[in-house]
2 protein chains.
Amino acid sequence: MSTGVVRRRMGVEERRQQLIGVALELFSHRSPDEVSIDEIASAAGISRPLVYHYFPGKLSLYEAALRRAADDLAGRFVEPHEGPLGARLLRVMRRFFDFVDQHGPGFSALMRGGPAVGSSTTNALIDAVRQAAYDQIVSHLGVEEPPARLELVVRSWISLAESTALIWLDGRHVPRAELEVQLVHNFAALAAVGAAHDEEMAMVMRRVLKDEPGDGPFGDLVVRLISLAS
Amino acid sequence: MSTGVVRRRMGVEERRQQLIGVALELFSHRSPDEVSIDEIASAAGISRPLVYHYFPGKLSLYEAALRRAADDLAGRFVEPHEGPLGARLLRVMRRFFDFVDQHGPGFSALMRGGPAVGSSTTNALIDAVRQAAYDQIVSHLGVEEPPARLELVVRSWISLAESTALIWLDGRHVPRAELEVQLVHNFAALAAVGAAHDEEMAMVMRRVLKDEPGDGPFGDLVVRLISLAS
């Protein structure tokens, strides 16, 4: 009897997970405002009332789907602490654009805000992903207590990566591979400006950059800038 | 008699404008969620039902206040097409931070989204201000039809300016005057990265930068970066 109970409980959770997966797929390809519970029910092969049995409404299902997407994205930020920093950041950028590519319309709708997506739960999820990105970068920079200027550079670069992805999704006029490199270059450029204003920041960047190879993305930027200036 | 009609109509519009001013003041200093119609009525020296006579609800009054703030901010982007570009951009950054300083909590609440502020009208107003900023910058760069890469640099720098302002408001750990200069430097750095990736963008930047003086903000950045590298 106890196994039966266990099996039944797993069934509920499995069904919930299946619904979340179906909903995430739909919310990824169209704005959440345009996705109905009927559609989700039909895509999951169950009745509309049964959807409501598992989730009280579309918002709660949307939030569950968003939570899964947020976990997925935060997981992509994790990178071994090995090798040059520029190459690590470039690998993360590739995974970030994979994610953005995969969830394009849903990502745009979420980040641009709007009636269905501006709840305090969705905002908290977005902030948690930003914080995960921030924590990863700071840990790769090897900084225990980031000075205010470094925090500003990292957080503002994260917002730059978001907006670059949103602009890319709106027409895809620049190839994503170029934007991935450009964002790594932007990080170096913003860090250099920060370092030019703040000695503590300059010390962090000197330590980090001394191991960068000439053929990595940071070295590539220096070569490009020198050829631009000449 | 016709003058009487005119005077009465002006009274209505004046009262609306007064209410918008009072509401903007309150919405600037606290999150809109925390401001009640009662408070607005009391600050305007009129009764609560009279507020509803002019505005059907808090959202419409909030949107009217936001429209005034948006017009104010867009007006601050306008700068004569005279003198070096770096100095022009620095003057605009000063006026932008004046605005952010003046409307701090309201600006934060608006840009961070949330139940009271995520309507399609508020989103459209934010987009209109971003577009005004974009149009101004492109016109100062003297570009008729911006290539995709230039558009990306300008739009992503605008989002960087927004997020820098939001991070500054959250604790004001870095003096705003330094951030104003740093944002001008960030523009130069992001434009340089864009130019390092795209010949069309490089041509625009070479033309623009040839008139920059050594003691302007762009020249200052070059001096700082050289001293950093040495």
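Residues numbered from 1 in each chain as written. Chains lettered and ligands numbered in written order. Predicted model: local features only at pLDDT ≥ 70, side-chain atom pairs only at ≥ 80, totals over all residues. Heavy atoms only, no water.

1. Some details on the overall build of chain A
Moving on, step 1. Counting its secondary structure elements, chain A contains 11 helices and 0 strands.
Moving on, step 2. When the helices and strands of chain A are listed from N to C terminus, the series reads α-α-α-α-α-α-α-α-α-α-α.
Moving on, step 3. The principal-axis extents of the C-alpha atoms in chain A amount to approximately 70 × 45 × 30 Å.
Moving on, step 4. Counted over contacts in chain A with a minimum sequence separation of 6, partners at least 24 positions apart contribute 68%.
Moving on, step 5. Approximately 10,800 Å² of chain A is accessible, and the part contributed by carbon and sulfur atoms is 56%.
Moving on, step 6. Separation of charge centres in chain A, based on 25 positive and 30 negative side chains, amounts to 6 Å. (Helix = DSSP H or I, 4+ residues; strand = E, 2+ residues; numbered from the N terminus. Contact = heavy atoms within 4.5 Å. Areas by Shrake-Rupley, 256 points an atom, 1.4 Å probe, with all protein chains shown as cover. Lys, Arg positive; Asp, Glu negative; His and termini not counted. Charge placed at Lys NZ, Arg CZ, Asp CG, Glu CD.)

2. Let's talk about the interface of chain A and chain B
Moving on, step 1. In this assembly, 40 residues from chain A lie in contact with 40 residues from chain B.
Moving on, step 2. Each partner contributes to the roughly 3,300 Å² buried at the junction of chain A and chain B, and carbon and sulfur atoms together form 65% of this total.
Moving on, step 3. Taken as a group, Leu-152, His-197 and Leu-228 of chain A account for 18% of the area that chain A buries against chain B, more than any other trio of residues on that side.
Moving on, step 4. The interface formed by chain A and chain B includes 2 salt bridges. (Buried area = accessible area lost by both parts, 1.4 Å probe. Salt bridge = Lys/Arg side-chain N within 4 Å of Asp/Glu carboxyl O.)

3. Side note on the packing of aromatic side chains
For any two aromatic rings, the description comes down to two numbers: the centre-to-centre distance and the angle of the planes.
Moving on, step 1. Per the stated rule, a full pass over the model turns up 12 aromatic pairs over all chains.
Moving on, step 2. Relative to Phe-97 of chain B, the ring of Phe-96 of chain B has its centre 5.6 Å away and its plane inclined at 80°; by these criteria the two rings are edge-to-face. Each member of the pair, Phe-96 of chain B together with Phe-97 of chain B, is buried.
Moving on, step 3. Pairing Trp-157 of chain B with Phe-187 of chain B gives two aromatic rings, centres 5.4 Å apart and planes at 85°, and the pair type is edge-to-face. Placement of Trp-157 of chain B in helix α8 (residues 148-169) and of Phe-187 of chain B in helix α9 (residues 176-197) is noted, with a sequence separation of 30 residues between them. Accessibility assignment for this pair places Trp-157 of chain B and Phe-187 of chain B in one class, buried.
Moving on, step 4. Pairwise contacts between aromatic rings join Phe-96, Phe-97, Phe-99, Phe-107 and Trp-168 of chain A into one cluster. (Phe/Tyr/Trp six-rings, centres within 6.5 Å; stacked < 30°, edge-to-face > 60°. Buried < 20%, exposed > 50% of the residue type's maximum accessible area, 1.4 Å probe, protein only.)

4. Here we look at unusual backbone geometry
Moving on, step 1. A positive phi angle, near 50°, is found at Arg-172 of chain A, a position not held by glycine.
Moving on, step 2. Along the chain, Arg-172 of chain A falls in the loop between α8 (148-169) and α9 (176-197).

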